[in-house]
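A look at the structure
Below are the chains, spelled out letter by letter.
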2 protein chains.
Amino acid sequence: MTRVEEALMAARAADIRAAALELFAERGYQATTMADIGAAIGIRGPSLYKHVGSKQELLAQIMITTMDALIANHRAAIEGCADVTERLRRAAEAHVRFHARHRLEAFVGTREIRSLEEPHRAEVLQRRARYERGFRDLVTDGIGAGRFHVVSAKLTSYAILDLGMGASVWYREDGDLTEDQIVYQYGDFALRLAGAR
Amino acid sequence: MTRVEEALMAARAADIRAAALELFAERGYQATTMADIGAAIGIRGPSLYKHVGSKQELLAQIMITTMDALIANHRAAIEGCADVTERLRRAAEAHVRFHARHRLEAFVGTREIRSLEEPHRAEVLQRRARYERGFRDLVTDGIGAGRFHVVSAKLTSYAILDLGMGASVWYREDGDLTEDQIVYQYGDFALRLAGAR
């Protein structure tokens, strides 16, 4: 393949993933067929399989790519910041901002976890556990430093994560709160949940 | 109909709703057929329609019944309690307890809102708005009384609601935290989010 052909292939694959994501969000994974996905971007069945192996593979790609982006996002947010309170604030802000910007991915990620087959399911659950662990470690560090005060670090990390995921359900660009307003208040919420003083 | 016949009809209708709920949760509303629902409880298609008009009607019944129960639950929780801080704590506890106990309803309620047709959709959204309003009023009352301190009462009520809904995703009876442990910590979380002092 030439470079131009490669670029075209990559662009096509991205289009297919985007169409699949919209259809999975709209009607659910089970009710979506490969033909529906092809029709959404004007590709017939057989050509579609040049780009992607199966509907299951598409779902797995979407969910794994999303989790990897979320984990990278978390690392970038706390990198180079030593203060435990500030680290938690940044991580929470990054979490809610990601969810406000990737609402379909969040929606499909929660809804279709049970549609994943192995080994994809384990791969996604592993990444989710690692991501949650990152928040739990931040809370635990803050407790150790005498800065946070909670009954359960695990439940606190769950609560902080649920906050951001909730935002992906109701946030709208044209709503009466801007993305930044939501992000900064959620950063404060995370610190309040952690009992930061 | 005799009373016995009426009781049998009611029991059957409840079975049908329970089967529909499980199937909607497992494979999604779009991918579930009336025949699937009938098969799950051993009723053939035509007999099923003696009990329920359509799949859409079943979804609407499930979602409206759930919202009505949640609203009644909220009222019962705060009734006869005058202290604003205690009212918010009780309402948040009732909210998370309900979600821990009605996980399938919560899951389907979030996931299938877009599968509802009018007027059902408006009826459900109205109830959701009323329920959210109840929390927002509690927060606003607390601010007025100088007991709560937040930037946005609306965002705070959203955050408290998201907490409970999140628990419905990950809570398991056989997990390492009991329902009560979760409920009491979430009550505290709600007060922390509200900036209660």
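Residues numbered from 1 in each chain as written. Chains lettered and ligands numbered in written order. Predicted model: local features only at pLDDT ≥ 70, side-chain atom pairs only at ≥ 80, totals over all residues. Heavy atoms only, no water.

A separate point is the relation of the copies chain A and chain B. When chain A is fitted to chain B, the best match, at an RMSD of 0.0 Å, comes from turning it 180° and sliding it 0.0 Å along the axis. Viewed as a symmetry operation, the transformation between the two copies matches a two-fold axis. Minimal C-alpha separation from the rotation axis in chain A is found for A31 of chain A, amounting to 2.4 Å. Interface residue correspondence from chain A to chain B reaches 100%, placing this contact among same-surface, isologous pairings. (Least-squares fit on C-alpha atoms with pLDDT ≥ 70 in both. Contact = heavy atoms within 4.5 Å.)

Summed over all chains, the structure comprises 28 salt bridges over all chains. Taking the shortest distance from any N to any O, the salt bridge between E86 of chain B and R89 of chain B comes out at 3.7 Å. Here E86 of chain B and its partner R89 of chain B are both found in helix α5 (residues 84-101), three residues apart, which amounts to about one turn of the helix. Between E86 of chain B and R90 of chain B there is a salt bridge whose closest N-O contact spans 4.0 Å. With a gap of four residues between them, E86 of chain B and R90 of chain B both fall in helix α5, about one helical turn apart. For E86 of chain B, a relative accessible area of 28% corresponds to the partly exposed category. Residue R90 of chain B is classed as partly exposed on the basis of its relative accessible area, which comes to 33%. Bridged by salt links that share partners, the residues E86, R89, R90 and D188 of chain A form one connected network. (Salt bridge = Lys/Arg side-chain N within 4 Å of Asp/Glu carboxyl O. Helix = DSSP H or I, 4+ residues; strand = E, 2+ residues; numbered from the N terminus. Buried < 20%, exposed > 50% of the residue type's maximum accessible area, 1.4 Å probe, protein only.)

Time to look at the UniProt feature "DNA-binding region" (unreviewed entry) in chain A. Per the UniProt record, the feature "DNA-binding region" (unreviewed entry) sits at residues 33-52 of chain A. Secondary structure over residues 33-52 of chain A splits into 70% helix and 0% strand, and the C-alpha atoms at its two ends are 13 Å apart. (UniProt positions renumbered as here; feature names shortened; annotations may be inferred.)

What follows deals with the interface of chain A and chain B. Taken residue by residue, the interface counts 35 residues in chain A and 35 residues in chain B. Summing both sides of the interface, chain A and chain B together bury roughly 3000 Å²; the carbon and sulfur share of this comes to 64%. At the boundary of chain A with chain B, the tally comes to twelve residue pairs in polar contact (both at pLDDT 80 or more). Secondary-structure elements contributing two or more residues to the side of chain A that touches chain B are α1 (3-27), α6 (103-111), α8 (153-170) and α9 (179-193) of chain A. Tallied by class, residues from the side of chain A that touches chain B come to 18 nonpolar, nine polar and eight charged. (Buried area = accessible area lost by both parts, 1.4 Å probe. Polar contact = N/O pair within 3.5 Å; in protein donor to acceptor, adjacent residues only side chain to side chain. Nonpolar A, V, L, I, M, F, W, Y, C, P; charged D, E, K, R; others polar.)

Another aspect to go through is the domain arrangement of chain A. Residue and element names in this part refer to chain A. Assigned domains within chain A: domain 1 (1-53) and domain 2 (54-193). Computed from C-alpha atoms alone, the centre-to-centre distance between domain 1 and domain 2 is 28 Å. Contact residues are listed per partner, giving 17 residues for domain 1 and 15 residues for domain 2. For the domain 1 and domain 2 pair, buried surface summed over both sides reaches about 1500 Å², with 69% attributable to carbon and sulfur atoms. Our enumeration of links across domain 1 and domain 2 arrives at zero salt bridges. Applying the counting criterion to the domain 1 and domain 2 interface returns eight residue pairs in polar contact (both at pLDDT 80 or more). Those elements that provide at least two residues to the side of domain 1 that touches domain 2 are α1 and α2 (34-40). In terms of residue count, the dominant contributor to the side of domain 1 that touches domain 2 is α1 (nine residues). Residues that form the side of domain 1 that touches domain 2 fall into these classes: nine nonpolar, four polar and four charged. (Domains from an automatic or database assignment.)

The next point concerns the environment of D188 of chain A. Following the sequence through the fold, D188 of chain A ends up in helix α9. Looking at D188 of chain A, the relative accessible area reads 33%, which means it is partly exposed.

The subject of this paragraph is the environment of K154 of chain A. In this structure, K154 of chain A sits in helix α8. When the C-alpha atoms of K154 of chain A and G166 of chain A are compared, they prove to be 18 Å apart, with twelve residues separating the residues in sequence. If we skip the residues at most four places from it in the chain, K154 of chain A touches E132 and R136 of chain A together with D176 of chain B. At 2.8 Å, the side chain of K154 of chain A forms a polar contact with the side chain of D176 of chain B.

In this section: the packing of aromatic side chains. Summed over all chains, the structure comprises eight aromatic pairs over all chains. Between F24 of chain A and Y29 of chain A the ring centres are 5.2 Å apart and the planes differ by 65°, which places this aromatic pair in the edge-to-face class. Relative accessible area serves as the criterion here: at 0%, F24 of chain A is assigned to the buried category. Classification of Y29 of chain A as buried rests on a relative accessible area of 6%. The interplanar angle of 75° and the centroid separation of 5.3 Å between the aromatic rings of Y131 of chain B and F135 of chain B together place this pair among those described as edge-to-face. With Y131 of chain B and F135 of chain B both in helix α7 (residues 120-144) and four residues apart, this pair spans about one turn of that helix. For the residue pair Y131 of chain B and F135 of chain B, the accessibility class agrees, reading buried in each case. Lying across the ring of Y29 of chain B, K55 of chain B places its NZ or CZ 4.1 Å from the centre. The ring centre of F107 of chain A lies 4.4 Å from the NZ or CZ of R114 of chain B, which sits over that ring. (Phe/Tyr/Trp six-rings, centres within 6.5 Å; stacked < 30°, edge-to-face > 60°. Lys NZ or Arg CZ within 6 Å of the ring centre and 35° of its normal.)

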